[in-house]
Every structure is written in structure tokens, then in C-alpha cells.
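Structural overview
Here's the letter readout for the chains.
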Amino acid sequence: DIWPVWSPDGRRIAFTTDREGHSATMVRDASGTGNEQPGYSDADADVGTGDWSHDGRWLAIDVLPASRRWDIKTLPMDGTAKPVDYIVSDASEHDPRFSPDDRFIAYVSNESGANEVYVQTFPASGGKWQISNGGGNQPEWRGDGKELFFIAPDDTLKAVPVSIGATFEPGVPKNLFRRPLERGGILRNRWAVTSDGQRFIVNA
């Protein structure tokens, strides 16, 4: 059981499990009581949790089909529909994170040949911006949406000022600090930031 994600009201946790012989998503009350509810499972693909939209309507998920390239889909959380394709391409895309207003998703793609952080409109409508240059992973938003953080290949945590108005306008990434992070096992969820962007917890 890996990759836990809080619901926006803090009452539920979505996570990834391999109990079915392949990775699938499950949802459980954060209190630990009650039965687990299935999120999404695909017998022909591994599925990983990404992020829960702030309005509670969507769970962004990573899907690894037989092509062995990650795709990003969005799963309606009302239990009435199957996932909707968000980014499905010949590259590998993963680690989706909703902006605080749910109008954009930050994610990682290797479409340039190396992992870089991008932002795209949600739902996808053609607007797309590259955030990192020289490598980037695991993006996270500040709670007010005015800053986006990511980890560079040398474990430097960087911050990018952003302006969200009629469109998305990213600034220049700046270095915050460098702290070697855990590199064993599955390299995701290795750090987190408080909603005000002032405190970080790192798996060092």
C-alpha cells in the first residue's frame, strides 16, 4: 500500500495497492474505520494515485499500460464513470497535481528526453507551459496557487512564482535548499510542503 492522497475535506484517503496482483486504487475513511472502497482497477495496466481535486470531484491517476509508458487520467469520484484521458501520448507522464483552483494540473513528462515539470489546463484545452529546465520531478503547489515547487535532479528544491489570471504565467525557478532525499524503493512522495509554502518535510 503506497502513495496516499487526502480528500479535500480530510475525511478520506485514496491510495495504491497491489493486493490484486497489479496496482490499483482504493479509498478508505481517514479514521481507519469502515470498509475500503474500490477506486479504479485495470487488469491490463498498473494504476497509481496522483492527486484529489480541491472540489472533490476528480482523482488524477497514473496509468501504466502494456506500452510501459505512464499516462495521466482523471477518475470521477461519484462512482458513475470510468477514467477520462487527460494526457495519453508516446512519452511518459506522471505525478499530476491540481492547482488550488482546479483550473490547471502540474505534472512530469519525459517528452523532451528527460523528466521536466509542465503545467496544463484542466480540462485539457491546449494551454501548456514548461516549468523546469534541466530536470524536475514531483511538483507541488502552494496553497494560494502563487508558487509551484519541484525537485531538481541534484535534490535541490526549487520554487517558481506563478500568476493565475485569465491564463497561467510562470516566473523563473529559484533555488530554496538542497537536501539529499531517500533514493531506495519507489521514488515518489519524498517531500511535502505546508499550504503557506513556509515549511517542508523531506524523506532525507
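In what follows, the structure referred to is the one given above.
Everything numeric in this text was worked out from a predicted model, so none of it was measured.

1. Overview of the sheet that holds strand β2 (residues 12-17)
- Here we have four strands laid out as an open sheet, ordered β1-β2-β3-β4, and antiparallel in their pairing. This sheet does not close on itself; its edge strands, each paired only once, are β1 (2-6) and β4 (37-40). Sheet twist, expressed as the average angle between the axes of neighbouring strands with direction ignored, equals 30 degrees.

2. Section: the pairing of strand β14 (residues 147-151)
- Judged by how many residues are buried, β14 sits mostly within the fold: five of five residues are covered.
- Residues Glu147, Phe149 and Ile151 point to one face of β14 and Leu148 and Phe150 to the other, with burial holding for every one of them.
- What sits between the antiparallel neighbours strand β13 (residues 137-141) and β14 is a turn of five residues, in which Gly145 has the positive phi angle 75 degrees.
- The pairing of β14 with strand β15 (residues 156-164) spans five bridges and is classified as antiparallel. Note on β15: the bridge partner recorded for Ile151 is Leu157.

3. Side note on the pairing of strand β5 (residues 46-52)
- Counting buried positions along β5 yields seven of seven residues, so the element is predominantly enclosed.
- Alignment of β5 against strand β6 (residues 58-64), held across six bridges, turns out to be antiparallel. Counted as the bridge partner of Asp51 is Ala60 from β6.
- Here β5 hands over to β6 after five residues, with Gly56 in that stretch at a positive phi of 80 degrees.

4. Some remarks on the side chain of Glu116
- Residue position: Glu116 is located in strand β11 (residues 116-121).
- One buried charged side chain, Glu116, makes no salt bridge at all; its nearest oppositely charged neighbour is Lys158, positioned 8.9 Å away.
- With residues up to four places along the chain from it excluded, the contact list for Glu116 reads Tyr107, Val108, Ser109, Gln130, Ser132, Asn133, Gly134, Gly135 and Gly136.

Definitions and limits used
- Residues numbered from 1 in each chain as written.
- Predicted model: local features only at pLDDT ≥ 70, side-chain atom pairs only at ≥ 80, totals over all residues.
- Heavy atoms only, no water.
- Pairing = 2+ DSSP bridges.
- Helix = DSSP H or I, 4+ residues; strand = E, 2+ residues; numbered from the N terminus.
- Axes fitted to C-alpha atoms, helices over the stretch in contact; angles between N-to-C directions.
- Buried < 20%, exposed > 50% of the residue type's maximum accessible area, 1.4 Å probe, protein only.
- Lys, Arg positive; Asp, Glu negative; His and termini not counted.
- Salt bridge = Lys/Arg side-chain N within 4 Å of Asp/Glu carboxyl O.
- Contact = heavy atoms within 4.5 Å.

Nothing here speaks to function; it is geometry throughout.
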